[in-house]
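# A structural walkthrough
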Amino acid sequence: MKEEIRKLVSLQDLDKKIYDLNKEKAQQPALLNDIQVEFEAKKARFKALEEARQKIQIKQKEKEIELGTKEDGIKKTQGQLGQLKTNKEYNAKLSEIESLKADKSIIEEEILRSMDEIDTLKKDLDAEKKALEADELTFNEKKNVTLSRGKEIDSTLKDLDGKRTILAGSVDKKILGSYEHILHGKEGVALVKVENTSCGGCFMSVPHQVINEIKMHERLINCDMCSRILYLEEDIQA
Ligand SMILES: [Zn+2]
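Residues numbered from 1 in each chain as written. Predicted model: local features only at pLDDT ≥ 70, side-chain atom pairs only at ≥ 80, totals over all residues. Heavy atoms only, no water.

Attention now moves to the overall build of the protein. A count of helices and strands for the protein gives five helices and three strands. Beginning at the N terminus, the succession of helices and strands in the protein can be written as α-α-α-β-β-α-β-α. The C-alpha radius of gyration of the protein comes to 40 Å, more than 25% above the 18 Å expected for a compact globule of 238 residues. Along the three orthogonal principal directions, the C-alpha set of the protein runs to about 130 × 35 × 25 Å. Residue burial in the protein is summarised as follows: out of 238 residues, 29% are buried. Partitioning the intrachain contacts of the protein with sequence separation of at least 6 by distance along the chain shows that 72% fall at a separation of at least 24. About 15,700 Å² of surface is accessible on the protein, with carbon and sulfur atoms providing 53% of the total. Here the protein contributes 43 positively and 47 negatively charged side chains, and the mean placements of these two sets differ by 2 Å. (Helix = DSSP H or I, 4+ residues; strand = E, 2+ residues; numbered from the N terminus. Rg over C-alpha atoms; globule rule 2.2 N^0.38 Å. Buried < 20%, exposed > 50% of the residue type's maximum accessible area, 1.4 Å probe, protein only. Contact = heavy atoms within 4.5 Å. Areas by Shrake-Rupley, 256 points an atom, 1.4 Å probe, with all protein chains shown as cover. Lys, Arg positive; Asp, Glu negative; His and termini not counted. Charge placed at Lys NZ, Arg CZ, Asp CG, Glu CD.)

Right under this line is the structure:
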């Protein structure tokens, strides 16, 4: 039994590593997704800013066309002044011109304001573009690190699985069966040391009677609380 426990200690060492690596591997898709989502959000912010700039530019073009129309209107109306017969008609035309001129200066102010807005947005966009380029580098770097870690995990797992197959093949079938049954239900830890009379798995106190039973090596001894197989470090070294 002592020899079997020794083999289980080595097997447990491998199984813990295998369990942890599989767990890390299982988290990778979520990790990659988080990285992707974070970068997409940054891209979306930049796109929104770019769209805002385009909208203002389109509005400005429209205002420029409107300004041209007003200017044409003023010229045309001024041209009509000479053909008027009465003072009343003349004054009416003048006030029409004044009104067109007032409209024109409102449009001019609007154009100036939107030019300022475009300037500010352009500065923001330039800064955001630089930030986004840096973000893209970071994104690619994080992605590559995660992917290469994935490959590393795969190759380590392949190596550990090979070692495990050989080692498991040397353990008594019945003992291996009990061990593996516990292993699957206990997050990769089926065999634990008794340390200072406590179970190394659940930390509950192990009675002296049980410790004596472990030393007898007649059968596998499990923790009453967590069912893990118990062993004594000093015992297997002796
Ligand atoms: Zn326990």
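The next point concerns the sheet that holds strand E3 (residues 229-231). Judged by pairing direction, the sheet is mixed, and its three strands sit side by side in the order E2-E1-E3 without closing on themselves. The open sheet terminates on both sides in strands that have one partner only, identified here as strand E2 (198-199) and E3. Here two bridges tie strand E1 (residues 191-195) to E2, and the two strands are oriented antiparallel to one another. By the bridge assignment for E2, Val194 is matched with Cys199. (Pairing = 2+ DSSP bridges.)

What follows is about the coordination of the zinc ion. On the protein side, the zinc ion has Cys199 (SG), Cys202 (SG), Cys223 (SG) and Cys226 (SG) as donor atoms, found 2.2 to 2.3 Å from it. Classification of the site at the zinc ion rests on its four donor atoms, whose angles at the metal span 103 to 114°, yielding the label tetrahedral. One chain supplies every donor for the zinc ion, spaced along it as C-x2-C-x20-C-x2-C. In this pair, Cys199 sits in strand E2 while Cys223 sits in the loop between helix H4 (208-216) and E3, placing the two residues 24 residues apart along the sequence. A relative accessible area of 8% places Cys223 in the buried class. (Donors = N, O, S within 2.8 Å, 3.2 Å for Na, K, Ca; no water. Tetrahedral: all angles 85-135°; square planar, octahedral: opposite > 155°, others 65-115°.)

Let us now look at the packing of helix H2 (residues 87-169) against helix H3 (residues 173-185). Between H2 and H3, whose axes approach to 10 Å, the crossing angle comes to 135°. Here H2 lies oblique to H3, going by the angle between them. In this structure, H2 contributes Arg164, Ala168 and Gly169 to the contact, and H3 contributes Lys173, Leu176, Tyr179, Glu180 and Leu183. When the residues that make up the contact of H2 with H3 are grouped by side-chain class, the tally is four nonpolar, one polar and three charged. (Axes fitted to C-alpha atoms, helices over the stretch in contact; angles between N-to-C directions. Parallel < 35°, antiparallel > 145°, perpendicular 65-115°, else oblique. Nonpolar A, V, L, I, M, F, W, Y, C, P; charged D, E, K, R; others polar.)

A few words on the domain arrangement of the protein. When cut into domains, the protein gives domain 1 (20-170) and domain 2 (174-237). Its C-alpha centre places domain 1 at a distance of 63 Å from the equivalent point of domain 2. (Domains from an automatic or database assignment.)

The next thing to look at is unusual backbone geometry. Backbone geometry places Thr197, a non-glycine residue, at a positive phi of 60°. Position of Thr197 relative to the elements: it lies in the loop between E1 and E2. Thr197 gets classed as partly exposed once you look at its relative accessible area, which sits at 36%. Despite not being glycine, His217 has its phi angle at roughly 55°, a positive value. Note that His217 resides in the loop between H4 and E3.

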